Amino acid sequence: QVHVEESGGGLVQPGGSLRLSCAASGSIFSVNSMGWYRQAPGKQRELVAAITSGGSTNYADSVKGRFTISRDNAKTAGYLQMNSLKPEDTAVYYCNAVVKTRSWTVGVNYWGQGTQVTVSS
């Protein structure tokens with residue numbers, strides 16, 4: 001069993017910063033990639049940023065230059081540093097981890113429960 005949990009959301013003023021954390025735990029052989037998604041009310045869930053096991057990253061155009069995704073050396077934890085936050089960044093942010101539980105298995109998507117980020121004055 002694999003568990004993914006986010007933390008670090010909250011209320012912040014426009015222009016402020018937040019750092020989200022994601023921790024994967026349980027029966028893990030390797031975490032192939034991690035990603036952050038967000039879903040605002042009435043909108044579809046969208047990719048914000050992703051990072052591979054090799055450290056390659058990609059970002060949504062709307063957050064390039066403001067958000068930075070990273071992983072720890074053990075590669076079971078990930079982070080999203082969010083700077084220069086805007087009201088339109090308000091959403092529930094979800095962590096996704098593609099996890100292999102054995103060396104011979106394919107990676108499976110696991111999701112956290114989400115953390116609310118609200119940008120408002």
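Please refer to the structure placed before this passage.
Computed from a predicted structure; not experimentally measured. (Residues numbered from 1 in each chain as written. Predicted model: local features only at pLDDT ≥ 70, side-chain atom pairs only at ≥ 80, totals over all residues. Heavy atoms only, no water.)

Trainee: Kindly report on the pattern of salt bridges, identifying the contributing residues and their values.
Mentor: Following the criterion strictly, the structure yields four salt bridges and no others. A salt bridge links Arg 38 to Asp 89, with the shortest nitrogen-to-oxygen separation between them at 2.9 Å. In this pair, Arg 38 sits in strand β4 (residues 30-39) while Asp 89 sits in the loop between β8 (77-82) and β9 (91-100), placing the two residues 51 residues apart along the sequence. Neither residue differs from the other here; Arg 38 and Asp 89 are each classed as buried. Beyond isolated ion pairs, a larger network of salt bridges with shared partners links Arg 38, Glu 46, Arg 66 and Asp 89. (Salt bridge = Lys/Arg side-chain N within 4 Å of Asp/Glu carboxyl O. Helix = DSSP H or I, 4+ residues; strand = E, 2+ residues; numbered from the N terminus. Buried < 20%, exposed > 50% of the residue type's maximum accessible area, 1.4 Å probe, protein only.)

Trainee: Residues and numbers for the pairing of strand β1 (residues 2-7), please.
Mentor: Every other side chain in a regular strand lies on the same face of the sheet, so the side chains alternate between the two faces. A one-sided burial pattern is seen for β1, the buried positions being Val 2, Val 4 and Glu 6 and the unburied ones His 3, Glu 5 and Ser 7. Of the strand pairs in this sheet, β1 and strand β3 (residues 18-26) are connected by six bridges, and their pairing is antiparallel. Of the residues in β3, the one forming a bridge with Ser 7 is Ser 21. (Pairing = 2+ DSSP bridges.)

Trainee: How would you explain the state of the cysteines if you had to name every residue and give the values?
Mentor: Under the definition given, this model contains one disulfide. Cys 22 shares a disulfide with Cys 95; S-S distance 2.0 Å. Here the S-S torsion is close to -75 degrees, and the disulfide linking Cys 22 with Cys 95 is therefore left-handed. One end of the pair, Cys 22, is in strand β3; the other, Cys 95, is in strand β9, with 73 residues separating them in the sequence. Each member of the pair, Cys 22 as well as Cys 95, is classed as buried. (Disulfide = S-S within 2.5 Å.)

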